[in-house]
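Fold and geometry: a report
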Amino acid sequence: MLSIKNIHANIEGKEILKGINLEIKAGEVHAIMGPNGSGKSTLASVLAGREEYEVTEGEVTFLEKDLLELSTEDRAREGLFLAFQYPVEIPGVSTTNFIKAAVNEKRKYQGEEALDAVAFLKMMKQKMALVEIDQSLLSRSINEGFSGGEKKRNEIFQMAMLEPKLAILDETDSGLDIDALRIVAKGINKLRNENRAILLITHYQRLLDYIQPDYVHVLYNGKIVKSGTKELALELEEKGYDFITDEADLAASL
Amino acid sequence: MTNVDYFKDQFEQLQDSGPATAITELRTDGFHTFNKSGLPTYKLEEWKYTNISSLFDKAYQFANADQAVQLSDIDAIRLAGHEQANELVFVNGRFIPALSTIRSTETQLVILALEEAAKGKYQEIVKAHLGQSSEYLKDGIHALNTSFIQDGLFLLIPKGQQLTEPVYIYHIADARQQNTLSQPRSLIFVEENAKLQLTETYTTLGTAESFTNEVLEIVVKENAFVEYYKIQHDGLNASQVGSTHIHQIGRSYVHTVVVSLNGGVIRNNLNLVLDAAGNETHLYGLYLLKGNSHVDNHTLVDNKQQNCFSNQLYKGIADDTSTGVFSGRIIVQPDAQKTNAYQSNKNIILSDKATINTKPQLEIFADDVKCSHGCTVGQLDEEALFYLRARGIPKEAAEVLLLEAYAADILVQIKPEPLRNHVAELIYEHLSIS
């Protein structure tokens, strides 16, 4: 579904990604872990199309299309979803209207009829129950005055509504207490299916207690330095990142 | 013939046209002032950013108002909610009763030609208040309006009348044949415990230049309640100086919203004189500028008595090569202790070639007051734009959503729902067409 080949990316002239390779197939859950500053969020930004990042080398194929050629909005309408690490507050734009616009833009792009108010409400009710989000949040302006947990839950709700083929969850666990984490993880698990791929980006192993990945990759200094199964995450939790980063530093110095 | 010669000629004709009244004298004073001051130039501090005099390089005429406009022209411009409104029509600056529709009864609402009011039962009111509601901005352009008071409007809401039908004023300028100068003049008197909802709009017919130089005075008595809305959405050939003076002579409540979408050069003077203890005043403004338009809002809140409250919020967006100006002056006179006066002006610039000039001025002569002012000039929130696009909303639509949200704080201040929805649609259309 997603094929990343030797991606290099800069921001303000500084190289952050230094040759990333990754293959993700439908139905798989991949976790990317790594210490702060390793390039995890940059990878998410590059995939979603943030303009301040410049891709200098490499290619990304998403559902047989050249992802890097698509605008941010077209990537979303093709089925790529980014759950933001810091969801943006947008006063004055109602969450419900925003999600309705997003759902219908996607339908239009894929040649489907726009949902009418009744069908949209029905869909919303169903997805609200799925991710345990309250109606009162959705009638407010986008994320305005939401707690950290509410913002993250709203991201997962949007994911449920937009039914992406590939969801990239950027540090969705950050800033959540254990109860909020459990609710968010439960929502994500319900959205797991054989047609959908999920890329979890996280610093800590704890999210992976709730969402079991098929593969774990360690990103360090702009490269994936180690890949494995979920046991790799446990090893990291136990030994810290040093055991991998020291190895990588040593390899680089040789 | 130059404009000045033309004005002189027209002025003499007007003064000779009937017996002398209080208004004839007022006109004479006005014309003296005009001759002395001339049109304001950018050398005057109050006119630093807006050049009106160059607009008068073109020759203007006072166009005939009698048969210029048909009812069908008015049908095309009626505001939402007009079925329940008193609709007053001005053509080329003259109030035309024949084209107007009055729905309130005579006990609820008195409507007269200003010249008639100056002669009859209301003459004391006219004498005391016409041209007296504010001492500010008695400059040349204001004097030009006063020099030519003709077919003005006198509107009075009698004591205790909570007028449920709003008053809509449609200003129509006929620029189909020539460059037209319109100078509407109105005096509105809101008596004790009365309520008025007033909206003004402006429409130019034809493609020649239209210049509207309006003076509106509203006098508000004890326990009265006034909502005033001004919607400017005219052609690029339509320029305007609109001076609104609101004189709160009794403890009263005034709420104003000025929305400027389209037009050539627009200057709005909104002067509030808080002349009774405990007055409350709210001033809101929204200007969404594109193309080459120029909108200048000057507000003035003069706190003369104690315990008055005023709050101002003006928001603007400037795109293309447009220019926005905000100048907000707050005066707190020595007797105006316990004044609360707040002011804020916020702007978004969407293009490298757009300009915003913003100037808050506080002049405080009392010691026990709370006043604040602030202004910002920024850009569209890139992070918010990315968030919307990352959900599949195209860039242009996302920008419109964000700009609409930005304007929403002001839009909600338009209290009557039909009017608010009407303006919301105008804003959406205006923002969507690039």
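Residues numbered from 1 in each chain as written. Chains lettered and ligands numbered in written order. Predicted model: local features only at pLDDT ≥ 70, side-chain atom pairs only at ≥ 80, totals over all residues.

**Quick look at the overall build of chain A**
Stated precisely, the cut-off is as follows: Only DSSP runs of H or I covering at least 4 residues are called helices, and only runs of E covering at least 2 are called strands; the numbering of each starts at the N terminus. Radius of gyration: C-alpha atoms only; globule rule: 2.2 Å multiplied by the number of residues to the exponent 0.38. Around each residue's C-beta, the other C-beta atoms within 10 Å are counted; 20 or more make the residue buried, 12 or fewer make it exposed, and counts in between make it partly exposed. All C-beta atoms are placed from the backbone. Residues are scored as being in contact if the C-beta atoms we place from backbone atoms lie within 7 Å.
Scanning chain A from terminus to terminus reveals 10 helices and 12 strands. Computed over its C-alpha atoms, the radius of gyration of chain A comes to 18 Å, within 12% of the 18 Å expected for a compact globule of 254 residues. Along the three orthogonal principal directions, the C-alpha set of chain A runs to about 65 × 40 × 35 Å. Per-residue burial for chain A yields a buried fraction of 41% across its 254 residues. Long-range pairs, those at least 24 residues apart, make up 72% of the contacts in chain A with a sequence separation of at least 6.

**A closer look at the sheet that holds strand β2 (residues 14-24) of chain A**
Residue and element names in this part refer to chain A. Our working rule: Two strands qualify as a pair provided DSSP detects at least 2 bridges between them.
A sheet is described by the order of its strands in space; here 4 strands give the open sequence β2-β1-β4-β5, paired in antiparallel fashion. Every interior strand has two partners, whereas the edge strands, β2 and β5 (65-66), have only one. The pairing of strand β1 (residues 2-11) with β2 spans 8 bridges and is classified as antiparallel. Residue pairing in the sheet places Ser3 in a bridge with Glu23 of β2.

**With respect to helix α3 (residues 95-109) of chain A**
All names here are of chain A. Spelled out, the test is: What a helix should span is 1.5 Å times the count of its residues minus one.
Taking 1.5 Å of rise per residue, the 15 residues of α3 would be expected to cover 21 Å, and the 21 Å separating its terminal C-alpha atoms lies within 8% of that figure. Regarding α3, the residues found buried are Thr95, Phe98, Ile99, Ala101, Ala102, Val103, Glu105 and Lys106. Lining the buried residues of α3 we find α2 (72-78), β7 (90-94), α4 (117-131), α5 (135-138), β8 (141-142) and α6 (148-162). Just past α3, the residue Gly111 takes up positive phi, approximately 75°.

**Topic: the pairing of strand β7 (residues 185-190) of chain B**
All names here are of chain B. The buried count for β7 comes to 6 of 6 residues, which makes it a mostly enclosed element. In the sheet, strand β4 (residues 153-157) pairs with β7 via 5 bridges, with the strands oriented parallel. From the neighbouring strand, Leu155 faces β7, where its bridge partner is Ile188. When β7 meets strand β9 (residues 210-220), the two strands line up parallel, connected through 6 bridges. Across the sheet, the residue bridging to Val190 is Val220, located in β9.

**Things to note about the confidence of the model for chain B**
Let me state the cut-off plainly: The quantity known as pLDDT measures the predictor's confidence residue by residue, on a range of 0 to 100.
Per-chain confidence: chain B averages 94 in pLDDT, with 99% of residues scoring 70 or above. The complex prediction reports pTM at 0.89, with the ipTM value standing at 0.95.

**Concerning the interface of chain A and chain B**
Convention followed: Here the term charged refers only to Asp, Glu, Lys and Arg, the term nonpolar to Ala, Val, Leu, Ile, Met, Phe, Trp, Tyr, Cys and Pro, and the term polar to all other amino acids, Gly among them.
With 19 residues of chain A at the contact, the number on the chain B side is 15 residues. For the side of chain A that touches chain B, the secondary-structure elements that each account for two or more residues are α2, β7, α3 and α6 of chain A. Here the side of chain A that touches chain B is composed, by residue class, of 11 nonpolar, 3 polar and 5 charged.

**Looking at the sheet that holds strand β12 (residues 223-228) of chain A**
Residue and element names in this part refer to chain A. We count it as follows: Helix axes are fitted to C-alpha atoms over the stretch in contact, other axes to C-alpha atoms as well, and angles between N-to-C directions run from 0 to 180 degrees.
Taken in spatial order, the 6 strands of this open sheet run β6-β9-β10-β3-β11-β12, and their pairing is mixed. Each edge of the open sheet is held by one strand with a lone partner, namely β6 (80-83) and β12. Each strand of the sheet is rotated relative to its neighbour by a mean of 20°, with strand direction disregarded. Summarising the sheet, strand β9 (residues 166-170) and strand β10 (residues 197-202) pair through 5 bridges and their orientation is parallel.

**Some thoughts on the nonpolar core**
As a reminder of what qualifies: Put simply, a nonpolar core is buried Ala, Val, Leu, Ile, Met, Phe, Trp, Tyr and Cys residues tied into one set by C-beta atoms within 7 Å. The split of the chain into domains comes from an automatic or database domain assignment.
Membership of the largest hydrophobic core comes to 176 residues, with the highest contact counts inside it found for A:Phe81, A:Ile168 and B:Val190. Element by element, the count of residues in this core is highest for helix α8 (residues 395-411) of chain B, at 8 residues. Two domains each donate at least three residues to this core, and these are domain 1 (3-276) and domain 2 (382-434) of chain B. Once residues within four sequence positions are removed from consideration, A:Ile168 is found in contact with A:Ala44, A:Leu47, A:Ala48, A:Phe81, A:Leu82, A:Ala83, A:Leu199 and A:Ile201.

**Quick notes on the environment of B:Glu404**
All names here are of chain B. On the secondary structure map, Glu404 appears in helix α8. On the basis of neighbour count, Glu404 is assigned to the partly exposed category, with 18 C-beta atoms found within 10 Å. In sequence terms Glu404 and Val423 are 19 residues apart; their C-alpha atoms lie 11 Å from each other. With near-sequence residues (within four places) excluded, Glu404 lies in contact with Ile427, Tyr428 and Leu431.

**Some details on the domain arrangement of chain B**
Residue and element names in this part refer to chain B. In terms of domain boundaries, chain B breaks down into domain 1 (3-276) and domain 2 (382-434). The C-alpha centroid of domain 2 is placed 31 Å from the C-alpha centroid of domain 1. Across the contact, 13 residues belong to domain 1 and 12 residues belong to domain 2. Broken down by class, the residue content of the side of domain 1 that touches domain 2 amounts to 8 nonpolar, 4 polar and 1 charged.

**Points about the pairing of strand β5 (residues 167-174) of chain B**
Residue and element names in this part refer to chain B. Counting buried positions along β5 gives 8 out of 8 residues, so the element sits mostly inside the fold. The pairing of strand β1 (residues 86-91) with β5 spans 6 bridges and is parallel. Within the sheet, the bridge partner assigned to Leu88 lies in β5 and is Ile169. Alignment of β5 against strand β8 (residues 195-205), held across 8 bridges, turns out to be parallel. Paired with Asp174 across the bridge in β8 is Leu205.

**Examining helix α1 (residues 40-48) of chain A**
Residue and element names in this part refer to chain A. By the criterion of burial, α1 is predominantly enclosed, with 8 of the 9 residues buried. Every buried residue belonging to α1 is among Lys40, Thr42, Leu43, Ala44, Ser45, Val46, Leu47 and Ala48, and all of these are buried. Gly49 occupies a position one or two residues after α1 and carries a positive phi of about 100°.

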